Each structure stands twice: as structure tokens, then as C-alpha cells.
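Coordinate inspection notes
This is what each chain is made of:
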Amino acid sequence: MITFIIRRLITAIFLLLVVSVITFAIFFLIPRLAGQNANELAAQYVGRNPTPAAIQQMVERLGLDQPLPVQYWHFLKGLVAGENYSAGPSVTYCPPPCFGYSFRSQLAVWPQMVSALPVTVSLALGAAILWLLGGVSIGVLSALRRGSIFDRFSMGVALAGVSLPIFFTGLISLELFSYKWPLFPNVEYVNIAVNPLLWARNLVLPWVTLAFLYAALYARLTRAGMLETMNEDYIRTARAKGLRERSVVVKHGLRAALTPILTIFGMDLGLLLGGAILTESTFSLPGLGQFTVLAIQNQDFPEIMGVVMLAAFFIVIANMLVDILYAAIDPRVRIS
Amino acid sequence: MAALALAACGGGATSTTGAAGPTGGSTGGSTGATGGNAVANAGVTGIANPSDHKGGTLTFASSSTPDSLDGGNEYYAWTLNFNRLYQTPLLTYKSSPGGAGTTMVPGIATALGQVSPDGLTWTYHIKKGLKYEDGSAVTAGDVKYAVERTYDRGVLANGPSYFPQLLADPTYKGPYKDPNGDLTSIVVPDPYTIQFHLLAPFPDFDYVVGAFGQTAPVPKAKDTGAKYELHPMSTGPYMFQSYQVNKQAVLVKNPNWTQNEDTEARQNVDKVILTLNVNADDIDNRLISGDLDVDSAGSGVQAAARAKVLGNPSLLKNSDNGFGNREWFIYLDSKVAPLTNVACRQAIEYAANKTDLQTAYGGPVAGGDIASTLLLPGMGGYSAFDLYNAKSQPGGDVANAKKALTTCGKANGFTTGLAYRSDRPKEVAGAQALQQALKAVGINVQLHGYPAGNYYGNFAGAPTFMHKNNIGIAFGGWAPDWPDGYGMLWALTSGNSIVPTGNANIGELNDPAVNKLFKDVASPKLTLDQRSAMYGQVDKLSMQQAVILPEVYAKVLIYRPPTVTNAYIDNAWGMYNYAVLGKSS
């Protein structure tokens, strides 16, 4: 197990390096290949009607006059060893992982991401609990009551959940439950440490909106998996041995059907931790998703590099954890 | 990455750079109100809900991030407006509805600048006894330092560049790069006097020191460079309690501010909260439900809320439809063939369907009034000329367009490119409308959409890009840095304003007569009326050269909850004056 983890971590580091190279190439190399020079790149960060001298100052500030490999080297060095940086009267040290400083605000990128992370984690974990409980339960019940009114209704709702875009369901939920019937007015993120009740209340609509989509997917997946599993011989054997139906369904049926769900859950949660862009934008939650949108709108390359690397990290870690859990859930799988 | 790409679509953040607006009061007239016995525009014709009530919390929300909350690093109109709550420059706009609101009055200075006979030295005296939020004294040296720090454009990149252009030592690098250096063109002979020595006369210098936050004093010991915006030292009625970047700023009363020292701001509420990056439609809905007081961008409600407000008399009576302090227009690049021929440009001026363009921008209420000049109504020098029948034939003057095409040797039309900001729905609609209108006279337009973020830096504002890609037409707009001809016209029409990137003179007008007028208008011997008349000439000459096709004098439909007091659309900002707002409960 330890060897497995170490091997996966080494692979993860290599993978993150590849992601950094690709992202750097997309946002730093391609504009150059398209003919943009350093002055044109820098001009967008200097405000309205910049003088040539102001643009040149920004070129030097952002290091855009340096060769691309040197720029990439500074980025890597900051990640691993930190970097000294001057954004005013004194020089400050940016400890690792230093993702550099925003091209727009000259403020360090990593603290901004750390500040946004709890919002995204709150959203993702809360929604994940809801969609897992809701989606899996409905899937199991639908499978057990295959063809019933409940089955048809729940799969119909699941189809709606999968089909309706998040920004649509989000806006509808805001219109109904925040403006028209203000059960959840002023949906704003409140830190859990400041007011746990308000934190939860203000996240109910985003949780439900996000969970609606995923619960629908998971319900359908669980139903399909359960239908397949419940027809297996060992299920018939378990029933024949007199085990309680609950034990048959949960311990034997569901457990076997969970493995593909677990795989997808790892991917989904990893992706969400990198930023639930649409949900955060719809509900104005200042998480990593909103940070990503702003970074792209502002063409703020250090911020874009930061969120991409962080999102990739979460996905890699989530997948590693899923693989470990795989073995725990399904004894047929061995980590080797 | 697909999610990132998807998320990058739409949004269309509207940057509201520039500071000033029409000098005339935007009175009555164009309420655009529909329905019932609604009384709209109380905040256009006067002050809506005037009140001396003290207390409460005033909540602002913005759909984007500010360029900065550091007065020395701002250019957006709304951030400059909001800045008056906690920083006071040497001069400031008078807090008054109507034309008076565009005049400069003392801020921390005792009076407007005293200018030497040769126009090269401007002297200001600081009020004695002024204090920062921590009780320390404000001195003229702090004002000098505030200006010095703005010279480092690598750290404070967003503000205007007037000081390096006007003062006598433009190569000064700023106190961060050159801690032992000195901006010798600013002299502080005593703690309460500051003198600016200019390279050449510049009659609008009072606007330079007052229309922006760059002369709001900064104590050197408290300066943290790029981080200063997290807690600027307050000289205004409020001070920072907290600021989480991209999230929220909370301001509380500044105990060391007194009304006597600052006549243009008020301390009406106990707390001010600014929440950032709130969905624009959510902002509108919260305004309507009363859960939010002000949309800080001041650019008006979105389309969905507009329909609600205009269709509901009880909402309409709390709305104001005033001039938004800017003009939307279309550049015609005089260096891209065949637009190198003025007659070809004039053909476009005639052929464009101004009504469709107005509709693209939101119609007469949310878009604005059809424009025919560069100067905004109410500005000194403005006259309502209409060279291309924009108002008499708003659907387009096809006959004159075809005549102009014949004159420029393109009787059968021609082909050219058109640039617009693809993440701005109004420009998308406008581009399509213009394409259709020009097609009717044989002008084929190839549309090129570019992201707004680097539209001026890399595309429309880069002359070589325009030439290389044969793009003769580009959408744009302008909000003047201050409310006179210089603020509105110089960057758009002066030959000296053309730069290789970030160019606003996209028409690339380099007319000797216009350039001479800009040079002559700087004479310290001229009166305000004489200068205004010269700017009027610049306007006419530029329009004769047809480098800009005016679309609309922009208007905004702003909704305010009935609990917001002292609201009026300030002609300096084209939005409510944030320094005087209050709450009734």
C-alpha cells in the first residue's frame, strides 16, 4: 500500500509538471506565436491610455521581456522554493508554493486562492453529501421497484436534472426562493467560523442546485448498477441463505454496484474542488470557480496558472484516493 | 479546461473608465417612463429622498472587481466615486445636482490652484488641522509622496498618466525604484503648501489634481505599495475596517473626520459594505427587493430588470434615467484603405442606421439619445450640429451615402473589416446592425470579434494590427476624464495621442488644424469660454474628417430602493454621488 501511494505521488508530480507546461504554453507561448509582442501583452494591464514608458515599466515588472523558458523557470522556482518580490517600498518573500503575483493587482496569487478555497470546499462537500445520499438512495429504490410509478417518476426527474443547465436551475431557485418567497434572501457566503447557521442557510440553494444535477446522474448510475448486480447469482444465494433483504441489498448488492460510482465521484469531487464555475457565478459565491472566471476575463496569467495547477492537483489526489478506496470496498481488487 | 473555456464566454464586464460627464444638468425630458402615474427621475431633476437622517448601513454591490481601492491606482468612474468615502484629494467635484456638480471645489486644499502668469506653476494650500484616521496630521509632503508613488507604473498601473506627462521630470522612477530620488517638479516649501511645476501650460490642471485620487495624501510610513489598497489611510468620512480581495470591503466611520473640513462628503450612515463579484442580475433583484442599496458600477439595470422596472409604476417611481457620462461610437480608421479617403468614411456616416444602433444599445431609455457630435450635450463648446443627418434621417441617408461613395471612387462599394468586443452583447448587436445597413449601399463588412479585456491593448487599439488585418471600423466608446473638451476630445482626436498599443485615437486623426487648436487652447491667456469655443471647433473639424461615427449619448436606468436618501445622478460621474448617500431606516 505504501509503495502504491509513493508511486502514485511521484506520478502525480510528473503529471502536474506536464499540466504546468501545457498551461504555460497556452497562455504564454501561443500569444507570442500569434504575433503579440511583450508591449501588447503588457498594455492590457496598465489601465486606460497608457504611455509607452508606462507600458515598458509593466513589461519589465511582469518579466515579459525575458525569454519564455526563463519565465517558466521563475514560475517553477517559485512553486518549489519561493521567490522574493517587490510590490512597493519593501521586498517580501513569497513562500512556496508561490504562484507569483497577479498581473492586475500585483497581489500574491496563492493567498487569494487559499481565501477562495473554503467557499468552494463548502459548496462541493455539502453538495456531494446531498447528491450521494439522494442520488444513491433514489437509484437503489428505483432499481428495487423497477417499473413502478416511483421508478418512472424518479427517472423522469433525473432526466430533467441531467438536462437542465445549472445556471438555469440556479436562477430559477433564486427567483423563487430568494426574491419571490424570500426563504433564502441575500445568498452570500458567510464563513462557517463567523456564523455556522447563516453559512448553512446561505448555501442551501447552491447545494441543492448543484446536487440536483449530480444526484440525477448518480441515481441513474446507481439504478443501472443495482439492476445488474441484483441479478447476480450470489444475490440469489444470499437470499436463499435467509439473509435479511436489507443486508442483501446494501451489503451485497449496493457494495458491488458502488465501484463505478466511486470512480465517478472521485472525478466529480476533484473537478468541483477546482471550482464549481457555473454554480459559483450564478450564486455569486467567491470561490475558486469565480476566481477562475475573473482570472480568464482579466487575462491574469499567474492566476490562471494557479487555478489550473490547483484544480489538477485536486483531480490527481481525488483519483488516488478513489483507487485506494476501491480496494477497500471491493476485495476482488488488490493494489499492486 | 473546457469548463474554463465555457466560463469565459459571456459576462461582458463593462469597464467604466473616465471620470466626468456633461456639464449641463440632465433635466427632465427623456424619462422614457411608461405606465401609470409614475414619477420617475427624481434623482435626475433634483435630489431624491433628501434627508439628514443618520445611521444605518449602506450596502453596495459590484458585478466585478474594482481596478483598485487605492486612490492612486484607480481609473474606473465608480471606484473614483466610491473613493471619496475614504480619501480626499486636493480638490474634488462639488456635490451638487446639475451642472454645478462638474466644477472643482476644495477638497483638502483651501482653494483652487493659484496659477502663475506663465501658466507653469500651480500652488495649493492644505487646510490646517486635517488628520488621518489614526489622528496623525496630513501635510503637503504626504500629497507629494502620493503623486510620486504613482510614477511606478509597474506597481500602481491603473491610474492616469497625466503627472508624468505634464510635470517637469518625466523620467523620475518613483520612490520604490528610486528611494533616494526626488520628484523635483513638486515643491513643498512648507508643510501646508505644495507647488507643481509644469513643462508647459495646462489650463485644466485643477481637474488633474481633483478628478482622480492621485493627490489624496499618503503617509510614506504607511505605504505598502500594491497592498496599500487593503487599507488606505483615510482622510474621508469612512475608513476601512476590512477588505477581502475579490470579496468584500467594510468601511466604518472615521472618528478623525469632521464635516467642517470636508463640505462635499457626508457621514450619514454608520457602516458601508461593498460586496464584489455579485451576479449582475442578482444585484438588480436585490435592489428591487430592498436587500441592496446601490449597484456600485452605476451603469444601470440589466435587461431583465429593465423590463420589470419600466412596466411597474411602483418600481418606476424609484428609478432615474439620466445621462451616463459617456458616448458610444464607432471608429473609422483613416489609415486603412479605402477609408484613407474621407468621402468613403463619410459614406459610412451617412449609411449607418442610427435607430438600429440605438436599439442595439438598449433603446432611448437604456441606450441613450442618438448622437451627432463628439462633445456631450452640456459640455462647454457643444453645439447640436448634425453633419450626416443622424437625427433628421436616423434610419440612414442612403442617397448621400451613395454620393459619397461615388466621390471616393467606390460607387459599387468596398470591403473592410469591423472590430467589436465579442463579450459585449450590445456591440455584437450593433456590429450586426451596422453590417446590414452598410450592405444596403454596397459596403461589405467582415465582422471580427475580440475579447474586451485586451481589445484596446492588442486589437483595435494597436494600429499595426488594424492595418495588417484590413480592419477599418471598430466599435468603441469614451467617458471623458473630466467634463470639458480636453477630457472628451484629446485622446480621441489629437495627433499626439496616437500610440502603438492602448490607442484611443483609433481613427488615427492627425489633422494639423486640430493639433494646432489643442496646442493653442493651452494658452493661459484664454478664458474658459474661449477654450470651450475652440473645443467646439475641434469637434466640428473631427466630425468633418469622419473618423468617428457617433452612436448614442449614453443613458442609464438606475433603480434605487426607497430607503436610500440624498440620491441624485451626479453629472461628474454619470451615476449617484456616493459621498452623500444615506439611509432613511
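The model shown is predicted, which means the values in this text are computed figures rather than measured ones. (Residues numbered from 1 in each chain as written. Chains lettered and ligands numbered in written order. Predicted model: local features only at pLDDT ≥ 70, side-chain atom pairs only at ≥ 80, totals over all residues.)

Moving on, we come to the overall build of chain A. Broken down by element type, chain A carries 13 helices and two strands. On the principal axes, the C-alpha backbone points of chain A span a range of 85 × 55 × 40 Å. Here chain A, with 336 residues, has 43% of them falling under the buried criterion. A fraction of 65% describes how many contacts in chain A between residues 6 or more apart in sequence connect residues 24 or more apart. (Helix = DSSP H or I, 4+ residues; strand = E, 2+ residues; numbered from the N terminus. Buried ≥ 20, exposed ≤ 12 C-beta atoms within 10 Å, placed from the backbone. Contact = placed C-beta atoms within 7 Å.)

So, about the overall build of chain B. Regarding its fold elements, chain B presents 19 helices and 21 strands. A buried classification covers 61% of the 585 residues belonging to chain B. If you take every contact in chain B between residues at least 6 apart in sequence, the share linking residues at least 24 apart comes to 75%.

This next bit is on the confidence of the model for chain B. Looking at chain B as a whole, its pLDDT mean stands at 91, while 93% of the residues score no less than 70. This stretch, residues 1–39 of chain B, has a pLDDT under 50; its non-local contacts, to residues over four places away or in other chains, come to 115 contacts. (pLDDT = per-residue confidence, 0-100.)

This next bit is on the environment of proline 97 of chain B. Locating proline 97 of chain B in the fold gives a position in the loop between β2 (91–93) and β3 (104–106). Spatially, the C-alpha atom of proline 97 of chain B lies 7.1 Å from that of asparagine 571 of chain B, the residues being 474 residues apart in sequence.

Next up on the list: helix α8 (residues 303–311) of chain B. Note: α-helices contain 3.6 residues per turn, so residues at a spacing of three or four share the same orientation. All names here are of chain B. Three or more residues of α8 are buried, namely Ala305, Arg306, Val309 and Leu310. End-on view of α8: buried residues confined to an arc of 130°, all on one side of the axis. Seen from the buried face of α8, the exposed residues on the opposite side, beyond 90 degrees, are Ala307 and Gly311. Looking at the packing, one finds that the buried side of α8 touches α7 (280–289), α9 (313–316), β12 (319–332), α12 (363–366) and β17 (548–559). (Arc of directions from axis to C-beta.)

This paragraph deals with the nonpolar core. Residue and element names in this part refer to chain B. Grouped together as the largest cluster of nonpolar side chains are 173 residues, with contacts concentrated most on Leu332, Ala351 and Leu434. Examining the composition of this core, we find that nine residues originate from one element, β17, more than from any other. Those residues within four positions of leucine 434 in sequence are excluded, and the remaining contacts are Ile330, Ala352, Leu357, Leu418 and Val445. (Core = buried A, V, L, I, M, F, W, Y, C linked by C-beta atoms within 7 Å.)

Chain B puts 49 residues into the contact, and the matching count from chain A is 49 residues. For the side of chain B that touches chain A, the secondary-structure elements that each account for two or more residues are α1 (2–8), α5 (162–166), α7 and α15 (455–459) of chain B. Looking at the side of chain B that touches chain A residue by residue, the class counts come to 18 nonpolar, 23 polar and eight charged. (Nonpolar A, V, L, I, M, F, W, Y, C, P; charged D, E, K, R; others polar.)

Okay, the packing of helix α5 (residues 109–144) of chain A against helix α10 (residues 245–273) of chain A next. All names here are of chain A. It is at 11 Å that the axes of α5 and α10 come closest, and there the two elements cross at 150°. Looking at the two axes, α5 sits roughly antiparallel to α10. When you trace α5 past α10, the crossing you get is right-handed. Facing α5, whose interface residues are Thr120, Val121, Ala124, Ala128, Leu132, Val136, Val140 and Leu144, α10 presents Val249, Leu254, Ile261, Phe265, Leu269, Leu272 and Leu273. Taken together, the residues of the contact of α5 with α10 break down into 14 nonpolar, one polar and no charged. (Axes fitted to C-alpha atoms, helices over the stretch in contact; angles between N-to-C directions. Parallel < 35°, antiparallel > 145°, perpendicular 65-115°, else oblique. Left-handed = near helix turned anticlockwise from the far one by under 90°.)

All names here are of chain B. The six strands are arranged β13-β17-β12-β16-β14-β15 in an open sheet whose pairing can be described as mixed. Whereas interior strands pair on both sides, the edge strands pair on one side only; in this sheet they are β13 (368–370) and β15 (444–450). Averaged over all pairs of adjacent strands, the angle between strand axes in this sheet comes to 25°, irrespective of strand direction. In terms of strand pairing, β12 meets β17 through 10 bridges, oriented antiparallel. Note on β17: the bridge partner recorded for phenylalanine 323 is lysine 555. (Pairing = 2+ DSSP bridges.)

Of all 10 residues making up α7 of chain B, seven are buried, and the element is well covered by its neighbours. Of all the positions in α7 of chain B, only Ala280, Asp282, Ile283, Asp284, Asn285, Arg286 and Leu287 of chain B are classed as buried. Against α7 (166–180) of chain A together with β1 (57–61), β11 (294–295), α8 and β17 of chain B lie the buried residues of α7 of chain B. Of the residues trailing α7 of chain B, glycine 290 of chain B is marked for its positive phi of about 85°.

Residues and elements named next belong to chain A. Split by domain assignment, chain A resolves into domain 1 (2–94) and domain 2 (109–334). Inter-centroid distance (C-alpha atoms) of domain 1 to domain 2 is 34 Å. On the side of domain 2, 10 residues touch domain 1, which itself brings 12 residues to the contact. Residue composition of the side of domain 1 that touches domain 2, grouped by class: eight nonpolar, three polar and one charged. (Domains from an automatic or database assignment.)

Turning next to the sheet that holds strand β8 (residues 238–244) of chain B. Residues and elements named next belong to chain B. Strand order in the open sheet made by the five strands is β8-β9-β10-β1-β11, with mixed pairing throughout. A single partner strand is all that each edge strand has here, and the edge strands are β8 and β11. Taken together, the five bridges between β1 and strand β10 (residues 271–275) define a ladder with parallel strand orientation. From the neighbouring strand, threonine 57 faces β10, where its bridge partner is lysine 271.

Moving on, we get to the pairing of strand β6 (residues 186–190) of chain B. Where β6 of chain B lies against strand β7 (residues 193–197) of chain B, three bridges are found, and the strand directions are antiparallel. Counted as the bridge partner of aspartate 190 of chain B is threonine 193 of chain B from β7 of chain B.

On to the packing of helix α12 (residues 288–297) of chain A against helix α13 (residues 301–329) of chain A. Residue and element names in this part refer to chain A. The geometry of α12 relative to α13 is characterised by a closest axis approach of 9 Å and an angle of 145° between their N-to-C directions. Between α12 and α13 lies a crossing of left-handed hand. Facing α12, whose interface residues are Leu288, Phe291, Thr292, Ala295 and Ile296, α13 presents Glu303, Ile304, Val307 and Leu310. When grouped by side-chain class, the residues that make up the contact of α12 with α13 number seven nonpolar, one polar and one charged.

What follows concerns the environment of isoleucine 47 of chain B. All names here are of chain B. Mapping isoleucine 47 onto the fold places it in the loop between α2 (42–45) and β1. Judged by the 16 C-beta atoms lying within 10 Å of it, isoleucine 47 is partly exposed. Between the C-alpha atoms of isoleucine 47 and glycine 72, which are 25 residues apart in sequence, the distance is 30 Å.

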